Amino acid sequence: MAGSPPHTERPIKIRVGDHARCWKNCEECGFLEPAWPSDLPDESAILQVARQYIPWHYETDVDSMSTSNGAFHRIYRIPVLTSPGKSSRSYIMRLAIPVEPFYKTESEVATMFYLREQTSIPVPAVVAWSSSAADNVLGFEWILMETVDGVTLESVWYRMGFEDKKKLTEAVASYTKELLSLRFTSFGSIYFAEVWNEVNYSLYSSSRSSQPAPSSRAPDANIGKDGKYVIGRMVSLRFFQDKRALMRADRGPFETAKELVVAEANLLGQRIRHLSPTPGTDYYCEVDENLYKHEAEMLQVFDKLEKVSARIFSDSDGPEDLKVLWHNDLSTFNILVDPITFEIKGIVDWESVSIVPAWEIDGGIPYFLRGPEVDEPPPLGSRSEEDEAGLVEIRKDWDLCLLRKTYTEIVGPIFDTTSVAEKTLRHKRQLLSSLATFEDLWVRTKNWLKEMDTEKELASGE
């Protein structure tokens, strides 16, 4: 469909055979990783669909199309001509494999529309989309977007001087602060209101939890029964990775952080009780094969982890559980810049972006600004060639420390850390890590749970 709703698409039941083809064992990491089927649509068919939404006076040519692959998408770049021999703009047609049919496409498109309306963040403009693979000639869900005129930050970062990097960091921080200023009353994903009945949104939800964090914005702007959008079930890898998408589970929206974490733990429990340890079968992976060898002990550890999950969280949210919309892949590949001035032209890849607890984003530092802490600046002046070689990485780390300082000064604290015990934040983040890595690092979780028991015993003896 073009532009904005009304909608005609509706969720479809996942066909196990089709879904299993989307995941294969990764020989390097041992997990299931997304896999593209071999029966991709012809590029001429893709162009035919795109032409229905590209202005009629633009000329397109299948021979000038280019393609690239993402984890869950195949991307087609479609140049167009507004006058003979002159390329003036291009479009992106992005096809998705059915790992989370309907919901992933619907939430991504709605989130992009929402951010373009509520913020100044340079989000690509969506021209048209289809969230039902069964109802279009391509046989895949797709999104057609205007191309952002820029290059990836990854391609120019290495040649940017410190002042240029600082200026860009300031811009990213300003956009991040704007994103984090949005306020919500549920954890989940954003959808158009027209699909409220398909995404578990309740018209009579009682969720209006108090969030002790100041903001000039009212919560749930243009969201709810009288708005254009709703908050529905969460679209996140934690809920649809590999065979999780086939399992019955509470996927939100959630009123409290405890509900979210308990649901995630419950789904992980189902996943590790339905292993695929036999090579050649659907969903086989080496991680499952290893888990199967230690199944009894592994399940005992998980049962204990599940109990701890419920114990760490209280029934009501604290200031650290502030509900924030977060781009969880703000990397140099998803920030597009002018190749000369390095001005930000677009921030892309809004798939699976959802509303999560503030403590979960760990300060909101983008990946490209992360690195080791350096206590003091590297020495100035010339050094021997050998010493200079050793100082290169130290100087890079020091620059990153300065850039992180610039970033955090602009973004500011996401929630009031003075009213939250450091132990509370540490336990919540350790629990999140344990849930995310349990399948291959369950022994580490076992050791952490022992530490928790010791900590509990010490606290009870005080």
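Definitions and cut-offs
Residues numbered from 1 in each chain as written. Predicted model: local features only at pLDDT ≥ 70, side-chain atom pairs only at ≥ 80, totals over all residues. Heavy atoms only, no water. Phe/Tyr/Trp six-rings, centres within 6.5 Å; stacked < 30°, edge-to-face > 60°. Buried < 20%, exposed > 50% of the residue type's maximum accessible area, 1.4 Å probe, protein only. Helix = DSSP H or I, 4+ residues; strand = E, 2+ residues; numbered from the N terminus. Lys NZ or Arg CZ within 6 Å of the ring centre and 35° of its normal. Polar contact = N/O pair within 3.5 Å; in protein donor to acceptor, adjacent residues only side chain to side chain. Arc of directions from axis to C-beta. Core = buried A, V, L, I, M, F, W, Y, C linked by side-chain atoms within 4.5 Å. Contact = heavy atoms within 4.5 Å. Pairing = 2+ DSSP bridges. Axes fitted to C-alpha atoms, helices over the stretch in contact; angles between N-to-C directions. Salt bridge = Lys/Arg side-chain N within 4 Å of Asp/Glu carboxyl O.

**Description of the packing of aromatic side chains**
Phase 1 of the analysis: Applying the stated criterion to the full structure yields 15 aromatic pairs.
Phase 2 of the analysis: Aromatic pair Phe102 and Tyr103: ring centres 5.2 Å apart, planes at 85 degrees, arrangement edge-to-face.
Phase 3 of the analysis: Residue Phe102 is classed as buried on the basis of its relative accessible area of 1%.
Phase 4 of the analysis: Judged by centre distance (5.4 Å) and plane angle (70 degrees), the ring pair of Phe113 and Phe192 falls under edge-to-face. Taken together, the residues Phe113 in helix H3 (residues 103-118) and Phe192 in strand E10 (residues 189-192) connect sequence positions 79 residues apart.
Phase 5 of the analysis: An aromatic cluster of at least three residues, connected via ring pairs, comprises Phe113, Tyr114, Trp129, Phe184, Phe192 and Tyr229.
Phase 6 of the analysis: Above the ring of Tyr103, the side-chain terminus of Arg233 is found at 3.7 Å from the ring centroid.

**Describing the environment of Thr256**
Phase 1 of the analysis: Structurally, the position occupied by Thr256 is in the loop between helix H5 (237-240) and helix H6 (257-272).
Phase 2 of the analysis: From its side chain, Thr256 meets the backbone nitrogen of Glu259 in a polar contact 3.2 Å long.

**What about helix H2 (residues 43-51)?**
Phase 1 of the analysis: Residues of H2 that are buried include every one of Ile46, Leu47, Val49 and Ala50, and no others. The buried residues of H2 occupy an angular sector of 160 degrees when projected down its axis, which confines them to one face.

**What about the nonpolar core?**
Phase 1 of the analysis: By size, the foremost hydrophobic cluster in this structure holds 108 residues, and its most contacted members are Leu153, Trp157, Leu168, Phe184, Leu325 and Phe438.
Phase 2 of the analysis: With residues up to four places along the chain from it excluded, the contact list for Phe438 reads Leu268, Ile272, Met298, Val301, Phe302, Leu305 and Thr445.

**Overview of the sheet that holds strand E14 (residues 344-347)**
Phase 1 of the analysis: Read across the open sheet, the 3 strands follow the order E9-E13-E14; overall the sheet is antiparallel. The outermost strands of the open sheet, each flanked by one partner alone, are strand E9 (151-152) and E14.
Phase 2 of the analysis: The sheet contact formed by strand E13 (residues 335-337) and E14 spans 3 bridges and is antiparallel. Counted as the bridge partner of Val337 is Ile344 from E14.
Phase 3 of the analysis: Seen against the sheet, helix H4 (residues 162-180) touches E13 and E14 and runs at an angle of roughly 40 degrees to E14.

**Regarding the pattern of salt bridges**
Phase 1 of the analysis: Under the criterion given, the structure shown has 25 salt bridges.
Phase 2 of the analysis: Between Asp317 and Lys323 there is a salt bridge, with its nearest N and O atoms 2.9 Å apart.
Phase 3 of the analysis: On the basis of relative accessibility, which here comes to 14%, the residue Asp317 falls in the buried class.
Phase 4 of the analysis: Residue Lys323 is classed as buried on the basis of its relative accessible area, which comes to 0%.
Phase 5 of the analysis: Where Lys405 meets Glu409, a salt bridge forms, and the shortest distance between an N and an O atom there is 2.6 Å. Note that Lys405 and Glu409 are positioned in helix H9 (residues 385-411) at a spacing of 4 residues, about one turn of the helix.

**Here we look at the side chain of Glu108**
Phase 1 of the analysis: Among the structural elements, Glu108 can be located in helix H3.
Phase 2 of the analysis: At 2.4 Å, the side chain of Glu108 forms a polar contact with the side chain of Arg94.

**A word on the side chain of Asn334**
Phase 1 of the analysis: When you line up the elements, Asn334 lands in the loop between strand E12 (323-326) and E13.
Phase 2 of the analysis: A polar atom in the side chain of Asn334 sits 2.8 Å from the backbone oxygen of Asp329.
Phase 3 of the analysis: Of note is the side chain of Asn334, whose polar atom sits 3.5 Å from the side chain of Asp349.
Phase 4 of the analysis: If sequence neighbours within four positions are ignored, Asn334 has contacts with His327, Asp329, Gly346, Ile347, Val348 and Asp349.

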